[in-house]
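Per-entry structural report
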Amino acid sequence: MVMSEQERMQLLQEIVQAGAEENNWKAVLELFASWPETPAKEIALEWANELMNAWPHTIRVANAAWRHLFNGSQLATVAKIVQSIDILQREQNGNTELQIITRSPFVRDLRRLVIRKSSLYADGMRSLVTSPYLNSLSYLALESLTLSDDEFDIFCTASLFPSLTWLRLRNIGLNTKMLTRLIQSPVLFLSGRDDLAVSDEQ
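Residues numbered from 1 in each chain as written. Predicted model: local features only at pLDDT ≥ 70, side-chain atom pairs only at ≥ 80, totals over all residues. Heavy atoms only, no water.

So, the packing of aromatic side chains
Under the definition given, this model contains three aromatic pairs. Taken together, a centroid distance of 5.5 Å and an interplanar angle of 15 degrees make the contact between F32 and W35 stacked. Residue F32 is classed as buried on the basis of its relative accessible area of 0%. Taking the centre distance of 6.0 Å and the plane angle of 40 degrees together, the rings of F152 and F155 count as tilted. With F152 and F155 both in helix α6 (residues 149-155) and three residues apart, this pair spans about one turn of that helix. (Phe/Tyr/Trp six-rings, centres within 6.5 Å; stacked < 30°, edge-to-face > 60°. Buried < 20%, exposed > 50% of the residue type's maximum accessible area, 1.4 Å probe, protein only. Helix = DSSP H or I, 4+ residues; strand = E, 2+ residues; numbered from the N terminus.)

Now the structure itself:
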């Protein structure tokens, strides 16, 4: 049985009002994933985003492996309410997914981005550091990646990320040249940054 717009809205209200819990968040995602693209859905996304404003961004997570996060070669509208994205173990698709994510205005409220054990090349890195939509990003983690000197140089040109307060670099093959470049880069002098984690642990 197909739900009416009113029934979807009522269910959404019940789920959101049940509180900031992981199961409730997953239910919200699945509801929007099955909701046709209509004006009512746009209104519901705006309403849900406002009502979940106090929810921790660590709950409002989506994994790039979740097929409903993307709509073909674009980010799906459900991304508007997502505040954390994990690109984990995406050896084949990570670089492409990162470009789709960073080129979408739907990530204006994204607070946390983790890229771990995934493909990441020069075009993906450039898309990340030049994105005009990541002004709310406060946490960025690059972990267990194979980065060339050129790819790391692109990262070190980043002068955006005005809200960034936590940068985690772990097991990315840092060498002396890369560390020197990082120390001299704009990314370490971002406005509002109050902590920095840099490590190369295995």
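This is not the end of the story, as more comes after the structure.
Remarks on the side chain of S104
When you line up the elements, S104 lands in the loop between α4 (94-102) and β5 (112-116). If sequence neighbours within four positions are ignored, S104 has contacts with L75 and Y133. (Contact = heavy atoms within 4.5 Å.)

Here's the deal with the nonpolar core
If you look at the biggest cluster of nonpolar residues, it comprises 60 residues, and the most contacted ones within it are L12, F32, L113, L140, F152 and F155. The element contributing the most residues to this core is helix α2 (residues 22-33), with five residues. In this view, L113 contacts I85, I87, L98, L128, L137, Y139, L140 and A141; residues no more than four positions away in its chain are not counted. (Core = buried A, V, L, I, M, F, W, Y, C linked by side-chain atoms within 4.5 Å.)

Brief notes about the pairing of strand β7 (residues 166-170)
The side-chain alternation of β7 yields one buried face, formed by L167 and L169, and one unburied face, formed by W166, R168 and R170. Note that strand β6 (residues 139-143) and β7 share five bridges and pair parallel. By the bridge assignment, A141 is partnered in β7 with R168. One crossover worth recording links β6 to the parallel β7 by way of α6, and it is right-handed. (Pairing = 2+ DSSP bridges. Right-handed = clockwise from strand over helix to strand, strands pointing away.)

Interpretation note: all reported values are geometric properties and have no functional meaning in isolation.
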